[in-house]
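Overview (structure and organization)
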Amino acid sequence: PVRNEARLAELAPGPGEVCRRLGRTGAYFSYVMSFQNNWCNQVIVWTIPIITSRLYPELGIVGNSMLFASGGVSGLLTVWLVPKVTAGMAHRWVLLVTQLGVGLTLLPFAVVYGCGSGSSTSEGLGHPAVWFLYVLFCFYNIPFMAQMPSNNAIYAQLIGDRGKGVYI
């Protein structure tokens, strides 16, 4: 639909319409997954510099930048591959599979780099080579980026009857 003054002056959908559309489309799942993905991503992104400063001080700023760049490259490759690999799959199945992938990637992060008495670094067992962190971070970015097209497709179901978005 074309954006014009008359259309922009219309009232936005109310809370009742938002709840009905979320219930009818099942898109509330998308909101839950978005929250979970954003939270996990912030945790990973903000803890990488802490991990590298404590366990791999030789990396410095350039090494951290290379780590984030490698994750970005794996994310770009994933975005390019997702339409080819998931062609014909339902969006909710793609979300489910990618969320499982994120969880399976976060588990080694928590075990190897987590804090507390159960982590390998706190028991004096040493820490893995830096390449392990690079590989783990790249593997994390693959399912994290792969879920975005499906998530956006589910969001697209929230467009109201009047052509206005029903975003909370």
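Residues numbered from 1 in each chain as written. Predicted model: local features only at pLDDT ≥ 70, side-chain atom pairs only at ≥ 80, totals over all residues. Heavy atoms only, no water.

**Examining the overall build of the protein**
Along its length, the protein carries 6 helices and 0 strands. Overall, the protein shows an N-to-C arrangement of helices and strands of α-α-α-α-α-α. Within the protein, the proportion of its 168 residues that are buried is 38%. Contacts spanning at least 24 positions in sequence make up 77% of the contacts within the protein whose residues lie at least 6 apart. Total accessible area computed for the protein in this model is approximately 10200 Å², and 71% of it derives from carbon and sulfur atoms. (Helix = DSSP H or I, 4+ residues; strand = E, 2+ residues; numbered from the N terminus. Buried < 20%, exposed > 50% of the residue type's maximum accessible area, 1.4 Å probe, protein only. Contact = heavy atoms within 4.5 Å. Areas by Shrake-Rupley, 256 points an atom, 1.4 Å probe, with all protein chains shown as cover.)

**What about helix H5 (residues 91–113)?**
Its 23 residues place the ends of H5 32 Å apart at the C-alpha level, agreeing with the 33 Å of an ideal helix rising 1.5 Å per residue. Listing the buried residues of H5 in full gives Val94, Leu95, Thr98, Gln99, Val102, Thr105, Leu106, Phe109, Val112 and Tyr113. (Expected span 1.5 Å × (residues − 1).)

**Description of the packing of aromatic side chains**
Inspection of every chain in the model, using the stated rule, returns 4 aromatic pairs. The interplanar angle of 40° and the centroid separation of 6.4 Å between the aromatic rings of tyrosine 113 and phenylalanine 132 together place this pair among those described as tilted. In this pair, tyrosine 113 sits in helix H5 while phenylalanine 132 sits in helix H6 (residues 130–156), placing the two residues 19 residues apart along the sequence. With centroids separated by 6.3 Å and ring planes inclined at 80°, the aromatic side chains of tryptophan 131 and phenylalanine 132 adopt a geometry described as edge-to-face. Ring-pair connections join several aromatic residues into one group, and the members of that group are Phe109, Tyr113, Trp131 and Phe132. (Phe/Tyr/Trp six-rings, centres within 6.5 Å; stacked < 30°, edge-to-face > 60°.)

**Things to note about the nonpolar core**
One finds Ile44, Ile48, Tyr56, Phe109, Tyr113, Leu133 and Tyr140 to be the most contacted residues of the largest nonpolar core, which totals 19 residues. Broken down by secondary-structure element, the contributors of at least two residues to this core are helix H3 (28–55), H5 and H6. In this structure phenylalanine 109 touches Ile44, Ile48, Gly114, Leu133, Leu136, Phe137 and Tyr140, once residues within four positions along its chain are discounted. (Core = buried A, V, L, I, M, F, W, Y, C linked by side-chain atoms within 4.5 Å.)

**Side note on the side chain of threonine 105**
Considering the arrangement of structural elements, one finds threonine 105 in helix H5. Under the relative-accessibility criterion, threonine 105 is labelled buried at 8%. A polar contact is formed between the side chain of threonine 105 and the backbone oxygen of glycine 101, at a distance of 2.7 Å. Residues contacting threonine 105, with those up to four places away along its chain left out, are Leu136, Phe139, Tyr140 and Pro143. (Polar contact = N/O pair within 3.5 Å; in protein donor to acceptor, adjacent residues only side chain to side chain.)

**Observations regarding helix H2 (residues 15–25)**
Within the span of H2, buried status applies to Val18, Arg21, Leu22 and Thr25. For H2, the angular spread of buried residues about the axis comes to 100°, placing them on one side. Opposite the buried face of H2, at more than 90 degrees from it, the exposed residues are Cys19, Arg20, Gly23 and Arg24. (Arc of directions from axis to C-beta.)

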